[in-house]
Amino acid sequence: MPTPHASTPGAPARHSRRTGRRVASATALLAAGALLLAGCASGGDSGGGDASKNIVNLVTPAQPESMDPQISTDSIMGEIASPIFETLVTTDENLQVTPMLAESFEANADNTEYTFVLREGVTFQDGSEMDADDVVASMNRWLRVSVAAVDAFAGAEWTKVDDRTVKLTTASPSFLHLLYLAQVGTAFPAVLPLEVVEKVGDAPIQDVEDIIGTGPYTFAEWEADQKIVIEKWDDYQSVDAPSSGRSGAKDAQLDQVVFNFVADASTRTLGLQSGQYDATTELPFDSLDQFQDDPNLVLDTYMVGPINLVYSDDPSSPFSNVINRQAINTGIDRDPIMLAAVGSEDLYDLVHHNMTLGQKAIWDTEVGKADFNQADVDAAKEMLAEGGYDGSPVVVLANKDYSEAYNAAVVVVEQLKAMGVEATLDAYEWGAFSEKYRENRDEWDLVVFPFGTELDPTQTIGFLPTRAGYFDGPELQALLAKFRSAPTQADASAIYDEMQEWIEETRPMTRIGDAHNVYAANKDLELPWFEGRFVWWNAHWK
């Protein structure tokens, strides 16, 4: 499921790795469900698509807008990029931070300096050796361009100690630092060659020849709106340690992984049933019944993230008035919306605050719980009158590529009409939708948006600069500074009540519900799954 955020350029036209000098997903939490469905008795060939060619064909609704790992916030980018790029540290199966491109790391006594010793002999996919100059240039670029890093690492700097040692100096200690350095979801701290950083600067990587990492797969081809292909890199230098989560040994066994972009859900469904495609990270919700008894597919569920109703803060919108935002939040009935979105009560959660149910152990609060999901249409009408809503047309923006968000938007529009709001639905394919959401807030009033699961509350609506719902001022800045300077996770968790109080008071969005996705893979594939993603480097045909 895509996340909102950074502005990135459109995808390039078709390129081939062999034509150039060198070539090129929440942070979702794997949740529960342990629902082993099995797909439709469609007569599909179990053969596993291109097993004989050692290729896996994955199908997904939309392509990323960019493959710049430090900038793009599209979750599909992370799915494709995580086998290509690596980070200094990563997480093991217990979500503990462990070295990856670093051989070791340590912090000073007050956690304001981190020293990383780099592994020897690591090369980029263009054959150049990775050294401290590459890492320092990459990490300082990431501090500038990543929507996550810009604020969490404000005042921080990376410096070279020697060719194999780099140092991160931060303005203050924070529990966020190692957490962010280890994430590979979106806008993550991938290490790039110095040459690439100097070429692109802080602009998004445009040329696929500049998509160069140190991972076990290389970027091979991007056929716009059709597919992206990654290939096994034979010269990859693996860590000599047991594979665990995203850490340890990476053994690329598949020759190619092909990410096919198919917007039409019926076409994706037919392709999975026929064996044209071998895997998907999200089955169409309205087709799940067709897959329940298919002996050729293995399915499971995972919690992917919230569907939110975000309000435009453009002065021309009636929802620039907080009373009108609170009115909609009071009148919305979430269960019918989520049932329309995912089709089953087993595939969604209703959570009253900005983080997800699976994160309850560290992010939980009673703030906002008592008034959550009132579904009080009469009260909403009274509040809209108080807020000066005059019956003028209201545009609800939605995207067509993700059925759960589109179906949710259809119900939202009907509920708005019941509150007396003259709402119309305006739906686009992902690229046009995303641009309109980010850049043209004067052209919509509300948007139904599928988000990924975020690492911490500062990455949610209300706390993201340049996004709708960011009501800046001294009070918000003081709150963010207090949160980010929390030295430990426990300290940060204790501040979460105040974060949620800010959301309740400013109402930048209405939390609708948290959608669970269903992923599927050919039964003849050994395809590990970790933190909402397939782990491609240890995947193979049985």
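Think of each chain on its own: its residues are numbered from 1, step by step along the sequence as written. Selection of residues for local features in this predicted model requires a pLDDT of at least 70, selection of side-chain atom pairs for listing and counting requires 80 or more, and totals for whole chains, interfaces and linings are taken over all residues. Only hydrogens and water are set aside when side-chain values are computed; all heavy atoms of the structure are taken into account.

**Comments concerning the overall build of the protein**
For the protein, the count of helices and strands is 14 helices and 22 strands. Along the first, second and third principal axes, the C-alpha atoms of the protein reach 70 × 60 × 40 Å. Note on classification: 1.4 Å probe, protein chains only; a residue is buried when its accessible area is under 20% of the maximum for its type, exposed when over 50%, partly exposed between these limits. Here the protein holds 542 residues, and 61% of them are scored as buried. Computed with a 1.4 Å probe, the accessible areas rest on the Shrake-Rupley method; for each residue, only the protein chains presented here act as cover. Surface exposure of the protein reaches about 19,300 Å², of which carbon and sulfur atoms provide 47%. Side-chain charges of the protein comprise 36 positive and 86 negative groups, with the mean position of each set lying 4 Å from the other. By definition, any uninterrupted DSSP run of H or I lasting at least four residues is a helix, any uninterrupted run of E lasting at least two residues is a strand, and each is numbered from the N terminus. When charges are counted, neither His nor the chain ends are considered; positive counts come from Lys and Arg and negative counts from Asp and Glu. For charged residues, the charge sits on one atom: NZ in Lys, CZ in Arg, CG in Asp, CD in Glu.

**Regarding a nonpolar patch on the surface**
Nonpolar side chains (Val, Leu, Ile, Met, Phe, Trp, Tyr) within 5 Å and like charges within 9 Å form the patches, drawn only from residues with over 30% relative accessible area and no salt bridge. Should a side-chain nitrogen of Lys or Arg be within 4 Å of a carboxyl oxygen of Asp or Glu, the pair is scored as a salt bridge. Taken together, Tyr406, Val410 and Leu425 make up a surface patch of nonpolar side chains, about 200 Å² in accessible area. Secondary-structure assignment places Tyr406 in helix H10 (residues 403–418). By relative accessible area, Tyr406 is classed as partly exposed at 30%.

**Structural notes on the packing of aromatic side chains**
Only Phe, Tyr and Trp rings are paired, with Trp represented by its six-membered ring, and only when their centres lie within 6.5 Å; those with planes under 30 degrees apart are stacked, over 60 edge-to-face, the remainder tilted. Enumeration according to the criterion identifies 25 aromatic pairs in this entry. Taken together, a centroid distance of 6.3 Å and an interplanar angle of 50° make the contact between Phe219 and Trp222 tilted. Of the residues examined, Phe219 reaches a relative accessible area of 0% and is grouped as buried. Ring geometry for Phe433 versus Tyr437: centroids 6.5 Å apart, planes at 10°, classification stacked. Pair noted here: Phe433 and Tyr437 are both in helix H11 (residues 430–439), with a separation of four residues, about one helical turn. The same class applies to Phe433 as to Tyr437, namely buried.

**Some words on the sheet that holds strand E7 (residues 157–162)**
The strand order E5-E6-E8-E7 describes an open sheet built from four strands, whose pairing is antiparallel. Each edge of the open sheet carries a strand with a single partner, namely strand E5 (102–107) and E7. Pairs of neighbouring strands in the sheet enclose a mean axial angle of 20°, with direction left out of account. Taken together, the five bridges between strand E6 (residues 113–118) and strand E8 (residues 165–169) define a ladder with antiparallel strand orientation. Counted as the bridge partner of Phe116 is Val166 from E8. For this analysis, residues touch if any pair of their heavy atoms sits within 4.5 Å. Axis angles are defined between N-to-C directions and span 0 to 180 degrees, where every axis is a line fitted to C-alpha atoms and, for a helix, only to the segment in contact. Most of the contacts of helix H2 (residues 132–145) go to E7, to which it runs at about 175°, and overall it touches E6, E7 and E8. The pairing criterion for strands is at least two bridges between them, as found by DSSP.

**A few points about the UniProt feature "domain: Solute-binding protein family" (unreviewed entry) in the protein**
UniProt marks residues 96–458 with the feature "domain: Solute-binding protein family" (unreviewed entry), using the numbering shown here. With 26% helix and 22% strand, residues 96–458 has its two end C-alpha atoms placed 21 Å apart. UniProt positions are given in the numbering used here, feature names are shortened, and annotations may be inferred rather than shown by experiment.

**Quick notes on the packing of helix H12 (residues 474–484) against helix H14 (residues 496–506)**
At a closest axis distance of 10 Å, the pairing of H12 and H14 adopts a crossing angle of 155°. Taken together, the axis directions place H12 and H14 in an arrangement best described as roughly antiparallel. For the element pair H12 and H14, the recorded crossing hand is left-handed. In contact with Glu475, Leu476, Leu479, Leu480, Lys482 and Phe483 of H12, H14 contributes Glu498, Met499, Trp502 and Glu505. Classes in brief: Ala, Val, Leu, Ile, Met, Phe, Trp, Tyr, Cys and Pro nonpolar; Asp, Glu, Lys and Arg charged; the others, Gly included, polar. Of the residues in the contact of H12 with H14, the class split is six nonpolar, no polar and four charged. Roughly parallel means an angle under 35 degrees; roughly antiparallel means over 145; roughly perpendicular covers 65 to 115; every other angle is labelled oblique. Take the far helix as your reference; a near helix turned counterclockwise from it by less than a right angle gives a left-handed crossing, and one turned clockwise gives a right-handed crossing.

**Here's the deal with a negative patch on the surface**
A grouping of Asp364, Glu475, Asp497, Glu501 and Glu505 is seen on the molecular surface, where their side chains present a negatively charged patch. Looking at which element gives the most residues to the negative patch, the answer is H14, with three residues. Within the secondary structure, Glu475 is located in helix H12.

**A few points about the pairing of strand E15 (residues 394–399)**
Of all six residues that make up E15, five are buried, and the element is covered over most of its length. Here E15 pairs with strand E16 (residues 423–428) via six bridges, running parallel. Across the sheet, Val395 pairs through a bridge with Thr424, a residue of E16. The handedness rule is simple: strands pointing away from the viewer, and a clockwise path from the first strand over the helix to the second, make the crossover right-handed. Traced from E15 through H10 to E16, the parallel crossover comes out right-handed. For E15 and strand E17 (residues 446–450), the ladder comprises two bridges, and the chain directions are parallel. Note on E17: the bridge partner recorded for Leu397 is Val447.

**Considerations on the nonpolar core**
Nonpolar core, defined: a set of buried Ala, Val, Leu, Ile, Met, Phe, Trp, Tyr and Cys residues in which side-chain atoms within 4.5 Å join the residues together. One finds Phe116, Phe153, Trp158, Ile328 and Trp536 to be the most contacted residues of the largest nonpolar core, which totals 133 residues. Residue contacts for Trp158: discarding those within four places in its chain leaves Leu88, Phe116, Val136, Met139, Asn140, Leu143, Val166, Lys167, Leu168 and Leu181. In terms of nonpolar packing, the next biggest core, distinct from the first, is built from 14 residues, Val310, Leu397, Tyr437 and Phe449 among them.

**A closer look at the environment of Gln374**
By the element assignment, Gln374 lies in the loop between strand E14 (348–349) and helix H9 (377–386). By relative accessible area, Gln374 is classed as partly exposed at 39%. A sequence separation of 199 residues divides Gln374 from Phe175, and the C-alpha atoms of the two residues are 35 Å apart. Identification of polar contacts relies on pairs of N or O atoms within 3.5 Å, with a donor-acceptor requirement for protein atoms, meaning one able to donate a hydrogen and the other able to accept it, and with residues adjacent in sequence counted only if both atoms are side-chain atoms. A polar atom in the side chain of Gln374 sits 3.1 Å from the backbone oxygen of Asp371.

**Remarks on the pattern of salt bridges**
Under the defined criterion, the tally for this structure stands at 22 salt bridges. A salt bridge links Glu86 to Lys250, with the nearest nitrogen and oxygen atoms 2.9 Å apart. Linking Glu86 in the loop between helix H1 (75–81) and strand E3 (89–91) with Lys250 in the loop between strand E10 (227–232) and strand E11 (256–261), this pair joins segments that are 164 residues apart in sequence. In this structure, Glu414 and Lys417 form a salt bridge, with 3.6 Å as the shortest nitrogen-oxygen distance. In this pair, Glu414 and Lys417 are both assigned in helix H10, three residues apart and thus about one turn of the helix distant.

**Considering the environment of Thr488**
Position of Thr488 relative to the elements: it lies in the loop between H12 and helix H13 (489–494). Considered as a pair, Thr488 and Val322 are 166 residues apart in the sequence and their alpha carbons are 34 Å apart. At 2.8 Å, the side chain of Thr488 forms a polar contact with the side chain of Asp491.

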